[in-house]
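Spelled out from the first residue to the last, the chains are:
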Amino acid sequence: MSPADSPGGPPPSIGPRPSAAPAASPASTGPSPEPPPPAGYAARPLELADLEAVHRFELRLFPADAWPLEMFLAEVRHPTRRYTVVLDEAGVVVGYAGMMAVAETGDVQTIAVDPGHEGRGLGRWLMERMHRQAREAGAGTMMLEVRADNPRAAGLYESLGYARIHLRPRYYQDGVDAVIMSKDLTPEGGPRP
Ligand SMILES: CC(C)(COP(=O)(O)OP(=O)(O)OC[C@H]1O[C@@H](n2cnc3c(N)ncnc32)[C@H](O)[C@@H]1OP(=O)(O)O)[C@@H](O)C(=O)NCCC(=O)NCCS
């Protein structure tokens, strides 16, 4: 999706939440709990041991733009990134996604689902998880780029509230344009009345 050498930005905006939270005000309700992944699947943060499997998907699903393994390694280790894998009942990786959050903007770095597991809601669940992660990191906007010849992914993003804001001609190595899309994260993440 975006090149992994995108700017590192300011100090990490994502990190472990303090274990001892300051005394909450009576009005604070906190974020709503995360819905589980679709039935039959589990999810967890990507671990280094997953990288080989993820990279195999990368080569298969993004033949023109696959990230080299070293680039993926740098990505998942970067403190502003959050990567998730989805596992099937046998514990096999069948999907993954990663986001970056720097200051007020989140970016979908990548998302992919094994073709044998498409159409079961995993892509939508991964996107919504990244929206929550970006909100937690303080982002008010989520950005992504998608190949102009990928209507399926673009349709998913539009159904999640993304708008097309820009076109980058011939952005990808094979000459395909990139559509830049953006979504306002504040309606669900902003202050409640
Ligand atoms: C794009 C991608 C992540 C979607 O993952 P997914 O798990 O199939 O997504 P979902 O099952 O949540 O479906 C999301 C939407 O895709 C569309 N969709 C699902 N199955 C479809 C099919 N067989 N044909 C066309 N569209 C379909 C629907 O609009 C669906 O919306 P719905 O939830 O209202 O039904 C997945 O197709 C993929 O990995 N593609 C290859 C890699 C890629 O293109 N990544 C995105 C780079 S920007």
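Look up: the structure comes first, before these words.
If you're wondering where the values come from, they're calculated on a predicted model, not measured in any experiment.

Parameters at a glance
- Residues numbered from 1 in each chain as written.
- Predicted model: local features only at pLDDT ≥ 70, side-chain atom pairs only at ≥ 80, totals over all residues.
- Near = placed C-beta within 6 Å.
- Helix = DSSP H or I, 4+ residues; strand = E, 2+ residues; numbered from the N terminus.
- Nonpolar A, V, L, I, M, F, W, Y, C, P; charged D, E, K, R; others polar.
- Contact = placed C-beta atoms within 7 Å.
- Core = buried A, V, L, I, M, F, W, Y, C linked by C-beta atoms within 7 Å.
- Buried ≥ 20, exposed ≤ 12 C-beta atoms within 10 Å, placed from the backbone.
- Expected span 1.5 Å × (residues − 1).

Okay, the site of the ligand next. Contacts to the ligand come from 19 residues, most closely from Glu118, Gly119, Leu122, Gly123 and Arg124. Those elements giving two or more residues to the shell around the ligand turn out to be strand E4 (105–113), helix H3 (122–136) and helix H4 (151–159). Sort the elements by how many residues they give to the shell around the ligand and H4 lands first, with five residues. Of the residues assigned to the shell around the ligand, the class counts are nine nonpolar, six polar and four charged.

Looking at where Leu51 falls in the secondary structure, it is placed in helix H1 (residues 51–61). It is 10.0 Å that separates the C-alpha atoms of Leu51 and Val93, two residues lying 42 residues apart in sequence. In contact with Leu51, not counting residues within four places along its chain, are Leu69, Phe72 and Leu73.

All right, on to the nonpolar core then. Judged by nonpolar contacts, the single largest core of 38 residues is most densely connected at Val86, Tyr96, Ala101, Leu126, Met130, Ala134 and Leu144. If you list the elements that add at least two residues to this core, you get H1, helix H2 (69–77), strand E2 (81–87), strand E3 (93–102), E4, H3, strand E5 (141–147) and strand E7 (178–184). It is E3 that contributes the most residues to this core, seven residues altogether. When neighbours within four sequence positions are excluded, Val86 is seen to be in contact with Pro37, Tyr41, Ala43, Val94, Gly95, Tyr96, Leu122 and Leu126.

All right, on to H3 then. With 15 residues, H3 ought to run about 21 Å at 1.5 Å a step, and its terminal C-alpha atoms sit 21 Å apart, in line with that. Of all the residues in H3, the buried ones are Leu122, Gly123, Trp125, Leu126, Met127, Met130, His131, Gln133 and Ala134. Tucked into the core, H3 has its buried residues touching E2, E3, E4, E5 and H4. One or two steps after H3, the chain reaches Gly138, where phi turns positive at roughly 95°.

Functional significance is not addressed by these values, which are geometric in nature.
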